[in-house]
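Single-letter residue listing:
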Amino acid sequence: MDINNIFSNHKHFIKDGIFIFDENDDYASNFGHQWKDFQQVQIDSLNNNNISQKFLKRLIFNDENILKNKNILEIGCGAGRFTEYLIKHAKLCVSVDLSTAIFHNVSKGSKNLILVKADLLRLKNKFKFDIVICRGVIQHTPDPFLTIKLLHNFIDDNGSIFFDIYKMPKIGLLHPKYLIWRPLIQFFFTYEQLKKFLIKNIKLLLKIKKLVRKIFFNSHFISDCFIPVWSYEGKLTLTEELHNQWAILDTLDGLFAKFDKPKTNSKVLKFLKNNNFKVINNDKKNNIFQTKIK
């Protein structure tokens, strides 16, 4: 399908097979750095696991059939941890990312895939998709509720949107990630400096974090307060090396994202109701939603 039949009024050029609508990474620049440095870390096919597949299944409420032979829009595709699964089902998959992470998408070159570097907030479309997929993205945009609203511009009356948003911690923005560690780390480190520090010290940091957790009755919250390094021990089945890579990647993600605006499940539901969007499914634990236009 011609890109001009999908999106309207966008001046663009093609680079490395990717349609470039927004050359500047803007608020997503840190993600471009992350996926350049760690492009293979979360790709199932390169790591002999199915972790990303499980995340995708959870997002679509375990209904893979809903993707079959559909026109799918993927927002925030990054290095393609979900793209490689979407193209197996889709008639057409259009995957969009604002950051240069899109140049590292593992599925680049697939016949039923179109890659677009663009900002969703400025994206205008002619074409209506059957499915919109948006995972791990909305909280990192300037206005999460506006982003949710704009997603609904891309589906027809029978289409579905599957999205998630980081859940607001029980203590809100008083959580050490927001109140202490992010401003402190960004004051003393650049992205590159923190990356080098983590690469050198991640094994020691994870050991200390594990010890702190044991001392405080296996409390992940308390260990997070003391050691702001992401750990997936006991949560994901990973080799030690891959676990270290995930820890570095998600620590950089958590501490250097320009925007990080979590929302409670109830506030998202209220917003959807007020904007006359229909909620088909809602996973309250993981803050995942399936919606459509009423």
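Preceding block: the structure.
Now for a look at the structure at hand. (Residues numbered from 1 in each chain as written. Predicted model: local features only at pLDDT ≥ 70, side-chain atom pairs only at ≥ 80, totals over all residues. Heavy atoms only, no water.)

For the rest of this paragraph, the subject is the packing of helix H1 (residues 29-37) against helix H7 (residues 191-215). Where H1 contacts H7, the two axes come as close as 12 Å, and the packing angle between them is 35°. Regarding H1 and H7, the two cross each other, and that crossing is right-handed. Here H1 contributes Asn30, His33, Gln34 and Asp37 to the contact with H7, which in turn contributes Tyr191, Glu192 and Lys195. Grouping the constituent residues of the contact of H1 with H7 by class yields one nonpolar, three polar and three charged. (Axes fitted to C-alpha atoms, helices over the stretch in contact; angles between N-to-C directions. Helix = DSSP H or I, 4+ residues; strand = E, 2+ residues; numbered from the N terminus. Left-handed = near helix turned anticlockwise from the far one by under 90°. Contact = heavy atoms within 4.5 Å. Nonpolar A, V, L, I, M, F, W, Y, C, P; charged D, E, K, R; others polar.)

This next bit is on the environment of Ala101. Here Ala101 shows up in the loop between strand E4 (92-97) and strand E5 (113-117). Put simply, Ala101 and Pro169 are 68 residues apart on the chain and 28 Å apart in space, counted from C-alpha to C-alpha.

When two helices pack together, their arrangement is captured by the angle between the axes and the distance separating the axes. Where helix H6 (residues 176-188) meets helix H9 (residues 240-256), the axes come as close as 9 Å, and the angle between the chain directions of the two elements is 100°. Relative to H9, the element H6 lies roughly perpendicular. In this structure, H6 uses Lys177, Trp181, Arg182, Ile185 and Gln186 to contact H9, whose residues at the interface are Gly254, Leu255 and Phe256. Across the contact of H6 with H9, the residue classes tally to four nonpolar, two polar and two charged. (Parallel < 35°, antiparallel > 145°, perpendicular 65-115°, else oblique.)

In spatial order, the strands read E1-E2-E5-E4-E3-E6-E7-E9-E8; together these nine strands make up an open sheet with mixed pairing. With one partner strand each, in any of the chains shown, strand E1 (13-15) and strand E8 (277-283) form the two edges of the open sheet. The average angle at which neighbouring strand axes cross in this sheet is 20°, direction not considered. Bridge count for strand E7 (residues 155-164) against strand E9 (residues 288-293) is four bridges, and the pairing is antiparallel. Bridge assignment links Phe162 to a residue of E9, and that residue is Gln290. Most of the contacts of helix H3 (residues 51-59) go to E7, to which it runs at about 130°, and overall it touches strand E6 (129-134), E7, E8 and E9. The strands that helix H10 (residues 265-274) touches are E7, E8 and E9; relative to E8, the one it contacts most, it runs at about 160°. (Pairing = 2+ DSSP bridges.)

Quick look at the pattern of salt bridges now. The final tally for this structure, using the stated rule, is 13 salt bridges. When the shortest N-O distance is used, the salt bridge between Arg213 and Glu233 registers 3.8 Å. Of the two residues, Arg213 is situated in helix H7 and Glu233 in the loop between helix H8 (220-226) and H9; the sequence distance between them amounts to 20 residues. What makes Arg213 buried here is its relative accessible area of 8%. Within the structure, one salt-bridge network assembled from shared partners comprises Asp22, Asp119 and Arg122. (Salt bridge = Lys/Arg side-chain N within 4 Å of Asp/Glu carboxyl O. Buried < 20%, exposed > 50% of the residue type's maximum accessible area, 1.4 Å probe, protein only.)

Leu67, Ile133, Leu198 and Val229 are the most contacted members of the largest nonpolar core, which has 57 residues in total. If you tally residues by element for this core, the top one is H9, at eight residues. When residues no more than four places from it in sequence are discounted, the contact partners of Ile133 are Leu59, Ile60, Leu67, Ile72, Leu73, Glu74, Ile75, Leu86 and Phe162. Counting residues in hydrophobic clusters, the runner-up holds 34 residues, among them Ala118, Ile148, Phe154 and Phe277. (Core = buried A, V, L, I, M, F, W, Y, C linked by side-chain atoms within 4.5 Å.)

Right, let's talk about the packing of aromatic side chains for a bit. A ring pair, where both rings are aromatic, is described by two values, the distance of the centres and the angle of the planes. Considering all chains together, one arrives at ten aromatic pairs under this definition. Centre to centre, the rings of Phe189 and Phe197 are 5.8 Å apart; their planes meet at 50°, and the pair counts as tilted. Using a relative accessible area of 25% as the deciding quantity, one classes Phe189 as partly exposed. Accessibility expressed as a relative area gives 35% for Phe197, which makes it partly exposed. A centroid spacing of 6.0 Å and a plane angle of 80° characterise the contact between Tyr191 and Phe256, whose relative ring orientation is edge-to-face. Here the residue Tyr191 occupies a position in helix H7, and Phe256 occupies one in helix H9, the gap between them amounting to 65 residues. Assigned by exposure class, Tyr191 and Phe256 land together as buried. The ring of Phe103 carries the charged tip of Lys15 above its face, separated from the ring centre by 5.4 Å. One residue, Arg81, lies across the ring of Phe55, its end atom 5.0 Å from the ring centre. (Phe/Tyr/Trp six-rings, centres within 6.5 Å; stacked < 30°, edge-to-face > 60°. Lys NZ or Arg CZ within 6 Å of the ring centre and 35° of its normal.)

Time to look at the pairing of E5. The buried fraction of E5 is high, at five of five residues. Neither face of E5 is left uncovered, since the one carrying Leu113, Leu115 and Lys117 and the one carrying Ile114 and Val116 both have all their residues buried. Judged from the two bridges that link them, strand E2 (residues 18-20) and E5 form a sheet pairing that is parallel. Counted as the bridge partner of Phe19 is Val116 from E5. Here five bridges tie E4 to E5, and the two strands are oriented parallel to one another. Bridge pairing in E5 links Cys93 to Leu113.

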